[in-house]
Amino acid sequence: MVPDADIPFAKLPPPVRRHVYLFQGHQFLDRFAMGVIVAVTALALQGRGLGVGEIGALFAVYAAVAMIAELPFGGVADGVGRKPVFLIATIASLMASIMFITSDAFWPLAASFGLVGLGRALRSGTLDAWYVEELHVRAPGVEIQPLLARAQTANFAGLGFGAIVGGFLPGLVAGNDPSDPLVGRTVYDVSYGAGILLTLGVIVYTVLLVREPARPMNGAGVRREIRAVPRTIIEGARLAISHRALLLLLGILTLMLFATNPVEVLWPTVVQTMLDPERAATMVGILTAGYFLAIAAGASLAGQIGRLFGGCHALMLAAVLAALIVCQIALALQASLIGFIVVFLVFSVMLGLSESPAASILHAYSPDNRRSTILSVQSLLKQLGAMVGLLVLGAVGETEGVDIAWIAGTFGLAAAVAFAMLLARHMRP
């Protein structure tokens, strides 16, 4: 595959730069709203009296709904439009937050988490597909990896800053009587209230500023697209399976999430053992924000790092995956808090570096009329890899220790490196 032209951002036409800035602003605001909530979800559930098992069950509800709904709604977005499906997803997330702050029993909370999973499935492959397609129209032949890296930087920066704000908001209202919180059922629900306001801002931003070519939205057209969902799924899955580059990439991402998701989920349990109980929650919150911001930093560097590999995204991905192996083993061997934090942040930067080369390969081989579906196939397989990783490596961690589980996960990363080298060979001009 011949690389596209790598033009400095400042020399791109003004309409292209405006499009990038618009999407960066959208991604930052959307993820900021999510980060404010993510920072306090577990604490808000504990404040309602839920145990660890019930909290785990709620996250399982979220994952199950997201996986079941992923492909069908990716197909609908290809048919009826990215913008309307994204707006429906945002409204589902808004309803989930409202249901959360008004509930303290398990089943209403499970419905809330189910709506979050539905929103995740709906938004997958919507405006990111719109962003890439508009770039192809406005700047044909331009290398899109640096432009994807800009969007991903805004994405993770929004999550990071949102986590900081969401973590500090409850402390600002901590003087209130815990039995009479300012918002919702616990003192932590004030962050959910802020998330609701920010989500309304995302809806207004999307309606006013995101422009998409009009598509027929009459009832008959929508019903026709919904009936076509099974065919769309089959064709999208067939494309992903039959195209060697896409198949290798999807295998790489599945293996990567299998190995790294147990680190992303279980690291707080390791950090807590290194801290005094009084400051464990604060430190975990700060490090969560650092995790997102480090991923954003890695994403922002991806364009420059990519030039060192001559525009061969698969080769860069192989190098980043190899670096993740080293980081994950080093993380498992850390016994001091400072050492753990340093290695964990480097690990997070590597995760950020992996985002845009993988996305560039996927978009290079995805046709516009199936782009959202392919993105949904990718999201589904990544979630599947993450879930299997948690089950398998979680069981290893239960019996042998988290450090052994993380080291065992590097075998999955090693397989991903081998696949990435095959992909680089396949993509060689």
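Residues numbered from 1 in each chain as written. Predicted model: local features only at pLDDT ≥ 70, side-chain atom pairs only at ≥ 80, totals over all residues. Heavy atoms only, no water.

A. Molecular detail of the overall build of the protein. For the protein, the helix and strand inventory stands at 16 helices and 0 strands. For the protein, buried positions account for 52% of its 429 residues. Accessible surface, the protein as shown: approximately 18,400 Å² in total, 69% of it carbon and sulfur. (Helix = DSSP H or I, 4+ residues; strand = E, 2+ residues; numbered from the N terminus. Buried < 20%, exposed > 50% of the residue type's maximum accessible area, 1.4 Å probe, protein only. Areas by Shrake-Rupley, 256 points an atom, 1.4 Å probe, with all protein chains shown as cover.)

B. Summary view of helix α5 (residues 106-123). For α5, which comprises 18 residues, the first-to-last C-alpha distance of 26 Å matches the rise-based estimate of 26 Å (1.5 Å per residue) to within 8%. Leu 109, Ala 110, Ser 112, Phe 113, Gly 114, Leu 115, Gly 117, Gly 119, Ala 121, Leu 122 and Arg 123 are the residues of α5 that are buried. Positive phi shows up at Gly 125, right after α5, with a value of about 75 degrees. (Expected span 1.5 Å × (residues − 1).)

C. The arrangement of the side chain of Thr 41 in detail. Considering the arrangement of structural elements, one finds Thr 41 in helix α2 (residues 41-47). Not counting chain neighbours up to four residues away, the residues in contact with Thr 41 comprise Phe 59, Phe 100, Phe 113 and Tyr 192. (Contact = heavy atoms within 4.5 Å.)

D. Representation of the environment of Thr 41 in the model. Since its relative accessible area comes to 10%, Thr 41 is described here as buried. In sequence terms Thr 41 and Ser 191 are 150 residues apart; their C-alpha atoms lie 9.2 Å from each other.

E. Broad picture of the packing of helix α13 (residues 313-332) against helix α16 (residues 402-427). Interaxial distance between α13 and α16 falls to 8 Å at its minimum, and their mutual angle equals 170 degrees. By the angle between their directions, the pair α13 and α16 is classed as roughly antiparallel. Its residues placed into classes, the contact of α13 with α16 shows 21 nonpolar, 3 polar and 1 charged. (Axes fitted to C-alpha atoms, helices over the stretch in contact; angles between N-to-C directions. Parallel < 35°, antiparallel > 145°, perpendicular 65-115°, else oblique. Nonpolar A, V, L, I, M, F, W, Y, C, P; charged D, E, K, R; others polar.)

F. Molecular detail of the pattern of salt bridges. By the definition in use, this model includes 5 salt bridges. One salt bridge in this structure joins Glu 134 and Arg 138, with 3.1 Å as the shortest N-O distance. Here Glu 134 and its partner Arg 138 are both found in helix α6 (residues 127-138), 4 residues apart, which amounts to about one turn of the helix. By relative accessible area, Glu 134 is classed as buried at 14%. We classify Arg 138 as partly exposed; its relative accessible area is 37%. (Salt bridge = Lys/Arg side-chain N within 4 Å of Asp/Glu carboxyl O.)

G. Representation of the nonpolar core. In terms of nonpolar packing, the biggest core is built from 62 residues, with Leu 249, Leu 321, Leu 324, Phe 340, Phe 344, Trp 406 and Leu 423 touching the most fellow members. Residue assignment for this core shows that the elements contributing at least two residues are α7 (145-172), α11 (244-272), α12 (277-308), α13, α14 (337-364), α15 (371-400) and α16. Tallying contributions element by element places α11 first for this core, with 13 residues. Membership of the second largest hydrophobic core comes to 20 residues, among which are Leu 12, Val 132, Ala 139 and Leu 147. (Core = buried A, V, L, I, M, F, W, Y, C linked by side-chain atoms within 4.5 Å.)

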